[in-house]
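# Analysis of the macromolecular model
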Amino acid sequence: MDSSIRRASWALLVALVIVAVRLGFVVVVRGQYLAGHPRNPRVAMVRRQVERGGIYLRGGEVVVKDSSAGGPRLYTGPASLAHLVGYEDARYGTAGLECTYNGLLLGLDRSRSIAGAMKRLLGGEPGRGNDIVLTVDLGIQQAAERAMGGRQGAVVVFDPRTGAVLAILSNPGFTPGQISSEWERLTSDSSGPLFNRATLGLYPPGSVIKPIIAAIALSARVIDAQDVFRCTGAIKVGTSADDNREISCPSRTAHGKVSLARAIASSCNVAFAQIGWQIGAKQLYNGFRKFGFGESLPFDVAATAGKLPEDGTFGRARVAQLAIGQGELVVSPLHMAAMMGALAEGGLMRRPYVVSEVRSPSGETIRRTRSSILGASILPSVARRVKDMMVEAVAQGTARAAGIPGVEVAGKTGTAENPHGPPHAWFAGFAPASKPSVVVVVIVENGGSGGKVAAPIAREIMRAALGNSSQ
Amino acid sequence: MRRRVPGEGPSPADILLATALLPGMLAMLMATLASGSPARSPGWIVLAAFAMVFLTAHIVLGRGTRTGDPVLFSTVAFLSGLGLAEVLRLDPVLASRQLSHVGIGVAVACATLILSPDLGVLEKYKYVAAACSLVLLGVTILFGVEAGGARSWLDLGPVAIQPSEAAKILMVTFYAGYLKDTRVLLRKSSRRVLGILLPDPSYVGPLVLMWGISLVLLVFQKDLGAAVLFFGVFLLMLYVGSGRLSYVLGGAALLAVGGAACYKLFPHVRVRIDVWVSPWRFLDSEGYQVVQSLFAVADGGLIGRGPGLGMPGVIPAAPTDFIFAAICEEMGLLGALAVVAAYALIVYRGFWWASRLHDDFSALIAAGISSLIGLQAFTIMAGVLGLVPLTGVTLPFVSYGGSSMIASFAGVALVLRASRDLARERMPQVGQ
């Protein structure tokens, strides 16, 4: 029986080792997440005793902190940061950064460490959570708030060199301190004031997608920068004789013979429908994937990347529509900003982030966010050529209203058809074009023309960013 | 080896036991100090009485000379100390009852070690053991009361007992006796059906029948955990006896078929499996227990909150099924790993003796009891950690519960008894 005894005992010992490994996994790998989980009843208990950490802007300005140990929170930051920062309420739980960083703000990381345990044994409760420092710049945030002036929509401003978010807002908003008294109104309001449009809103991009389509086409080498397209004001996209669907340029204006650069500057739909066909369904799909469509978009609060049509069919008409940013293609403002960042930064798409560091109560940095790259979307040479076309769009195209004297701005406007009323006004771009330090994405819901509504807002924000930020 | 005289200093067995008792006693002390009113806490009495129980047993058993394997004995003492400390911290009233369970368990073990002349006596009664086991399970089906979803309790007025705990030990005894007689035949005789080696039905038949009957009983009781244990121990012992992996694989196939049937037939089994696959989806219903348990485990961190300083009270069924999660919270990863290591040691020592015992019956008992304890500990620890579907079995020597505690001590006493026989054979002078 000797060998069978040995094998049976091995089987049982291996089973117990698996338990030990699982134990280590739960404690070490999942520990922080589980210990700070909002549904963990221990969190509420700790909350009553500790002073929850504060959230600060890049310049050190306080956004929110505890009025006294155990709460409630005292929100003193710009009103437009409400969605990002979120709220913490005894009844309605947490949202935004207050939710994602719940465990760190409560200092649960330390209470789980040996040093924390020693402190407890010696009678000294930690008493204070960690502070969080954001990348948001107060001046730029306020400029964005002013420029938007309460219009429904969203703004994302970020630094393409690092991915650091400099300003982010979503309208309409709410007051974090009054979440419990206003809950009924906030949740029944059809405009969705609690919804973070900047990170979670999915909009048809319309023409702002055209630089991306141009980049996909140039990467696939299906067109040349010198290629010329013929625009007669409209083009039939239907696949059979009696299918009369067509794509047209605004007011059916014929652009005549246009180059790729001209097609972007004048936002020629007919030319882009043809470019879409040249790219073809498969390469178009792959190109979108390279820009992160259909993937997850990692961020410090809940965020979503753009989505391709759900039924997954890419017929001739659908391809033409996708190429002009319609046809059930949707994208979030944050994802749009990340894609613009890729065009600005030679094809490298950076991961957007808004928390630069976490500081312990004694002031030492316990976690610092490092800039990271989500992926290489396109070649640097392609990015450079598309950038030049976007510069032309601002200099003498539809995005002229975004121009700033003395600064070379690259940009693209969009006027996106949608089933909810007048078109959404978009602007997406960056400056200065030669060495981009700021990406701005603006969307005004049902705002009408991107060139008339969104581009001027973006100009004001860019002006503030280029003047203010310590570049 | 000479006989030790009083005053000569502590023997290795003394030191081993003292070391094993210390962590539990320390934890009881901390839990008592951390309670609301340490001065009036029953913790002091529990602490003193716990130490007394094991020290008395140690002296009654000739300071280790008549205990059998001192490592095994000390490991069991370690586990019951930690368990008692955590029960004390959760509910002092339960702790005093648990103390009496430990006391009775140790007394049963001492009686077994002192009174039983030879394990071979048990072998003669293997069919009686099987019959007793079936009667216990049958009575539970007829007169059992339901608690925690399983109808596995007998209400005897002042106390309620769980007959399946005793049935497990009796069943291991039967398997050991039966396999001793038939193992050579099981190993040799075989017929080939569809290219698979099958044993002669006349030998393996009664075993499968036995297994089927116990499984039927347990399905009627809805005691999934016990059913899995009966089956798992049966397979392990069959493998040890026959050395044939094909039996285990065939058994595993049977288990898969049975499991699939149970999943289709019984809603309570289906719920367990669904919750195991995605506990977070059932956060507010059936998954609540496992998620709360994971919260507790994570909260303990590396060295735990300290006995009496965590919030294990929010874990459902903390003193019984989920005591391991409570231990994780208050004694941390290190404390929990010590518990896992203790079971590994019990398994290792049990099989170590099994491979050295000359008598097949004793060897099979040692292997069977260690399999039972090891498998049961695995089932509940892995269940609490969300690694396998949760089944309501106790953590041997640790969970609150009289039937389980006493049965576990009785079981380990058989291994200790078997190990002492070998010690006598090899070293006749020990204990003279």
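Scope of this entry: the structure provided in the associated data block. From a predicted model like this one, the values you see are computed outputs, not experimental measurements.

Conventions adopted
Residues numbered from 1 in each chain as written. Chains lettered and ligands numbered in written order. Predicted model: local features only at pLDDT ≥ 70, side-chain atom pairs only at ≥ 80, totals over all residues. Buried ≥ 20, exposed ≤ 12 C-beta atoms within 10 Å, placed from the backbone. Helix = DSSP H or I, 4+ residues; strand = E, 2+ residues; numbered from the N terminus. Pairing = 2+ DSSP bridges. Contact = placed C-beta atoms within 7 Å. Core = buried A, V, L, I, M, F, W, Y, C linked by C-beta atoms within 7 Å. Nonpolar A, V, L, I, M, F, W, Y, C, P; charged D, E, K, R; others polar.

With that settled, the discussion passes to the pairing of strand S17 (residues 410-418) of chain A. Side-chain direction in a regular strand flips from residue to residue, so the side chains alternate between the two faces of the sheet. All names here are of chain A. Of all the nine residues making up S17, seven are buried; the element is thus mostly covered by neighbouring parts of the structure. Here S17 pairs with strand S18 (residues 421-431) via eight bridges, running antiparallel. Paired with Thr 415 across the bridge in S18 is Ala 425. Linkage of S17 to S18, two consecutive antiparallel strands, is achieved through a turn of two residues.

Within helix H9 (residues 138-148) of chain A, burial applies to Ile 140, Gln 141, Ala 143, Ala 144, Glu 145, Ala 147 and Met 148 of chain A. Phi turns positive, to about 55 degrees, at Gly 149 of chain A, one or two residues after H9 of chain A.

Residues and elements named next belong to chain B. Secondary-structure assignment places Thr 173 in helix H7 (residues 163-188). For Thr 173, a count of 27 C-beta atoms within 10 Å puts it in the buried group. For the pair Thr 173 and Pro 42, spaced 131 residues apart in the sequence, the C-alpha separation amounts to 39 Å. When neighbours within four sequence positions are excluded, Thr 173 is seen to be in contact with Leu 122, Lys 126, Ala 129 and Ile 365.

It is worth spelling out the nonpolar core at this point. Val 155, Val 156, Val 157, Ala 454 and Ile 461 of chain A together with Phe 324 and Ile 365 of chain B are the most contacted members of the largest nonpolar core, which totals 281 residues. For this core, the element with the highest residue contribution is helix H13 (residues 323-356) of chain B, accounting for 19 residues. In this structure, Ala 454 of chain A is in contact with Thr 413, Ala 425, Trp 426, Phe 427, Val 442, Ile 443, Val 444 and Gly 447 of chain A, ignoring residues within four places of it in sequence.

A few words now on the interface of chain A and chain B. Contacts between the two partners involve 34 residues from chain A, matched on the other side by 38 residues from chain B. At the level of elements, helix H1 (2-29), helix H2 (31-35), helix H3 (41-49) and helix H8 (114-121) of chain A are the ones that each hand at least two residues to the side of chain A that touches chain B. Among the elements that take part in the side of chain A that touches chain B, H1 of chain A stands out by supplying 18 residues, more than any other. Among the residues forming the side of chain A that touches chain B, the class breakdown is 19 nonpolar, eight polar and seven charged.

We now examine the sheet that holds strand S6 (residues 131-134) of chain A. Residues and elements named next belong to chain A. Read from one edge to the other, the open sheet built from six strands follows the order S3-S2-S1-S6-S14-S15, with strand pairing classed as mixed. The outermost strands of the open sheet, each flanked by one partner alone, are strand S3 (73-75) and strand S15 (365-368). Looking at chain direction, strand S2 (residues 62-66) and S3 are connected through three bridges and run antiparallel. In the sheet register, Lys 65 faces S3, and the bridge partner there is Leu 74.

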